[in-house]
Amino acid sequence: MNERPDTRCATCGTDENALYDAVAKVIEQYKEKDGALIMVLHAAQEIFGYLPMELQEFIADGMNIPLSEVCGVVSFYSFFSTQKRGKHTIRMCQGTACYVRGGKKVVDAIKRELDVEVGGTTADGQYTFEIARCIGACGLAPAMMVDNDVYKQVNPAKVPAILSRYEETEAVEGGAEA
Ligand code: FES
């Protein structure tokens, strides 16, 4: 089978060999089938959480296709991510209703609180911060989501309390009406 990159994670030191084994199995399973690349990429993203360049190279090698083909597919589809994602995903709505009711101030508060830019992941790997374009809570704007929890009528003062619910790695019980 194909060459493996250094499998020790540069951030946490975890040996990713088992993850590469799992991707290698998926490649073997799908590589002769139609649409194999998409299926392999989906599975690889499930396994790793994202598709770093070393993993794309591993897939190209294993499937015996050019790396440019793999990169082309990864960059074309928005559901593929080349960036490591946080344990939790924050989506602050900036649709019209949320924007006019102060959503931008909440965005700024989240950026300050977590020291993260929109589209980025915090240094501790806890949060990925994204903007949404309406999450169906316009009547109680501005609204934000953390994972699957919806928070309505959010303002900058509420941000620390909302985020404190996710400080430990445990899931939040019961969601949210902050
Ligand atoms: S515009 Fe924000 S929830 Fe609809």
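Thresholds, definitions, all that
- Residues numbered from 1 in each chain as written.
- Predicted model: local features only at pLDDT ≥ 70, side-chain atom pairs only at ≥ 80, totals over all residues.
- Pairing = 2+ DSSP bridges.
- Helix = DSSP H or I, 4+ residues; strand = E, 2+ residues; numbered from the N terminus.
- Axes fitted to C-alpha atoms, helices over the stretch in contact; angles between N-to-C directions.
- Contact = placed C-beta atoms within 7 Å.
- pLDDT = per-residue confidence, 0-100.
- Right-handed = clockwise from strand over helix to strand, strands pointing away.

Caption draft 1: Highlighting the sheet that holds strand β4 (residues 149–151). Taken in spatial order, the four strands make up an open sheet running β2-β1-β3-β4, and their pairing is mixed. Where the open sheet ends on each side, the last strands, each with one partner, are β2 (127–132) and β4. When strand polarity is set aside, the average angle formed by the axes of neighbouring strands in this sheet is 20°. As paired strands, strand β1 (residues 88–93) and strand β3 (residues 144–146) are joined by three bridges and run antiparallel to one another. Pairing of Ile 90 across the sheet is with Val 146, part of β3. Of the strands in this sheet, β1, β2 and β3 touch helix α5 (residues 96–114), which is tilted by about 150° from β1.

Caption draft 2: Region of interest: the confidence of the model for the protein. Per-residue confidence for the protein gives a mean pLDDT of 88; residues scoring 70 or more make up 85%. Low pLDDT, under 50, characterises residues 169–175; the stretch is placed with six contacts to residues that sit more than four places away or in other chains.

Caption draft 3: Quick peek at the pairing of β1. The pairing of β1 with β2 spans six bridges and is classified as parallel. Counted as the bridge partner of His 88 is Tyr 127 from β2. Where the polypeptide runs from β1 across α5 and back to β2, its parallel neighbour, the crossover connection is right-handed.

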